[in-house]
Amino acid sequence: MMDLSAYRDIFIEELNDQLERMDQSLLALELSPSVELVQTLFRAAHTIKGSASTMDFRELSDLTHEVEYALEWVREKKPEITSELIDMLFRSLDAMKVLRDQYIRGEAYGDFRAVVREIKDLIQTPAVVGKLVTPQLQPAESIVAQAAIVSGKQLLSIHIVLEQKCMMKAARYHILRQRIEDICGTVVANSLMESQPGAQNEDDQYGQFIFIVATLKDPQKLKAELSADSDIHMLEIDAYVLESNEVAATSAPVEFSSETEQTKPTVTNTGTSGPEEKVKAAQPTVRVSVERLDHLMNLVGELLIDQTSLADLSGSGARKESSSRIQSISGVSDHMGRVIKELQEGVMKTRMLPIDQLFSRFPRLVRDLSQKLGKDLELVIQGGETELDRMIIEELSDPLIHLIRNSADHGIESAEVRAANGKPSKGRITLTSFHEENHVVIRFSDDGKGIDGEKIKASALGKGIISEEQAARLTTQEAVHLIFEPGFSTASSVSEVSGRGVGMDIVRSQIGRLNGIIDIDTEVGVGTTFTIRLPLTLAIIKGLLVKVSGRVLILPMYNVAEIVRISPEDIQMIQGQQAILNHGRIVPFHRLCDKLNYSRTDRKSKTIPLVIVRSVDKIAAYAVDEIIGNQEVVIKTLGTYLGAMNHLSGATILGNGKVALILDASYLVSH
């Protein structure tokens, strides 16, 4: 037998791409049904089935065959794209993803026969393929319907499909009609299946039928009562809206939203002309392994170090003698610097991916949360073309998922509360990304109830996260940041979505590991915005070189909020801790040499150079001996043989050939 292991990685990559395409296409199909989207889904399923069969992955091949058959049926029969059909396809897609994960991990495959049965049952349902037209009310029936509406009743369409094995369908039809009249009161109209030419059994005409009723009965309770009948294969109850030609001059159409109807979220991606835009074929690309890209980046880093050394030598030589040879070396150094800069940017771009590859995962999440929580949610995506290092994109997934789940569960109110507050019933979650200098900014916002700082403070106090003394010192804005503390939650009970007090702590720790910063802007009753600032890449950074106890250390510039000089008198003791006042804010003060357990050196100047470092939502000021300047540095990881070095994120080689350690700002300000 042919060894297929060599193609395993290619198969998994292709499988991930096709599953992602199906996910996006299904979301678009739910919002705006079209033949093109069904065709896209069919092609993706066909590709997966063929690839899985080639890899002898029979379980996935068999399941995808059923999905492909269902999509072919949709393509040919062109039935109405119902929520039942969409949910079935989503469950099938989830089953395919589970099989993929089990294949990757080498686990035993799950039993998805129930999913296969569900597919077969749905596409064999006569309710979809039969010729049954919703009845149009006659003038006399319209008068009855309008009178019922005036009396406060609602019009419902009850669609019933009997089991194929049901004997005497006509008798069952009359029994059900009488039962519905007993429950609802008035059957305004009804329709049966059209008789097929040459049909031998007239009883089949009663295989499915529709009743239009006027009732005060709750649709959900009505469905529960009727569903108990064992001869009913399928039962659908929907609102019936009078057509214009059915309505008398004094009446208006009646609008009704059934409680049984599932909430559908809206997904908006600005810059596109329609749902189909999201799932168009991507531009031609070439797959390159991450290891090769990392190797290229390492080589560029070495060139950057050599260029820095050459520039250093050129500068020191020019100070000693001004010969034409030194000037030539200086010119070569400058040219080499420009070439390396372009090469660096080129290699960096090969590591970059549009952040839409991350954002595109969230419409499905919002859809599921919308149905699970019973809230009408809208997701708006902007700036998906913004590019970011692929390693950062992968690490961003969990923090953004936690933000979305918390926003949907805690932030956005129920439709009733929103209506009482004069807000639209549909809650909006917005994800925006854009470049700002050497950073990527991701802005996550919702139009929910906002965060009440005083409520947060009280909850943290009750859970023992802060003391009464600390609570008294906290401003409302500072109290809001307590949501990032481990174990904090304002939820009164743990739900399937949130309330365990672990989500926001994960957000802070993971953003911190990426050398990012997060801000919160909230207003009670209006909404909340989280602003995340991240470096473009973690491979080559701009660093601030400082001297501490005779050693050169580097702080990432994106963590440097400010560089100032203070006099010793500016250092104050506040609550037993040294601090300074910076722009009206109390900032903890530390000597970097003490923090790193280095010996202190004699200070010659009257002022103290100070670097104010910020990470995530925390800030601290560090005194250093000397500010050298900033330059681009290549981060070299430290080997595991050094043990736990949490205060360091790596090291680099300076132009003079010496090694300088790169400090981890998030660790410094948190410990």
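Placed above this text is the structure.
In this report, the structure presented in the accompanying data block is examined. If you're wondering where the values come from, they're calculated on a predicted model, not measured in any experiment. (Residues numbered from 1 in each chain as written. Predicted model: local features only at pLDDT ≥ 70, side-chain atom pairs only at ≥ 80, totals over all residues. Heavy atoms only, no water.)

1. Focus: the sheet that holds strand E14 (residues 551–556)
Short version of the rule: By this definition, two strands are paired if DSSP reports at least two bridges between them. Secondary structure elements are taken from DSSP: a helix is a run of H or I of four residues or more, a strand is a run of E of two residues or more, and numbering for both begins at the N terminus. To obtain each axis, a line is fitted to C-alpha atoms, and for helices this fit is confined to the stretch in contact; angles are then taken between N-to-C directions over 0 to 180 degrees.
Spatially, 5 strands are ordered E21-E13-E14-E23-E22 in an open sheet, and the strand pairing comes out mixed. The sheet is open, and its two edges are formed by strand E21 (626–634) and strand E22 (648–653), each paired on a single side. Taking each pair of neighbouring strands and ignoring which way they run, the sheet shows an average axis angle of 35°. Across 6 bridges, the pairing between strand E13 (residues 540–548) and E14 is antiparallel. Its bridge partner lying in E14, Lys 547 is registered against Val 552.

2. What to know about unusual backbone geometry
For Ser 549, which is not glycine, the phi torsion reads 50° and is therefore positive. Mapped onto the secondary structure, Ser 549 falls in the loop between E13 and E14. At Asn 597, a position not held by glycine, the phi torsion is positive, near 60°. Inspection of the secondary structure puts Asn 597 in the loop between helix H20 (592–595) and strand E19 (608–615).

3. As for the nonpolar core
As a reminder, the rule being used: In this description, a nonpolar core means a group of buried Ala, Val, Leu, Ile, Met, Phe, Trp, Tyr and Cys residues linked to one another through side-chain atoms lying within 4.5 Å. Only protein chains enter the accessibility calculation, which uses a 1.4 Å probe; a residue whose area is less than 20% of its type maximum is buried, one above 50% is exposed, and one in between is partly exposed. Whether two residues are in contact is decided by their heavy atoms, any of which lying within 4.5 Å being enough.
Membership of the largest hydrophobic core comes to 44 residues, with the highest contact counts inside it found for Phe 359, Phe 362, Leu 396, Leu 400, Ile 442, Ile 483 and Phe 530. Top element by residues in this core is helix H14 (residues 390–411). It accounts for 7 residues. Not counting chain neighbours up to four residues away, the residues in contact with Phe 362 comprise Leu 379, Ser 397, Leu 400, Ile 401, Ile 404 and Leu 431. By size, the runner-up hydrophobic cluster in this structure holds 43 residues, among which are Leu 19, Phe 42, Val 67 and Ile 86.

4. Things to note about the sheet that holds strand E16 (residues 572–574)
If you walk across this open sheet you meet the 6 strands as E15-E19-E20-E18-E17-E16, and the pairing is mixed. Of all the strands in the sheet, the pair left with one neighbour each is strand E15 (560–566) and E16. Strand-to-strand twist across the sheet, computed as the mean angle between neighbouring axes with direction ignored, equals 40°.

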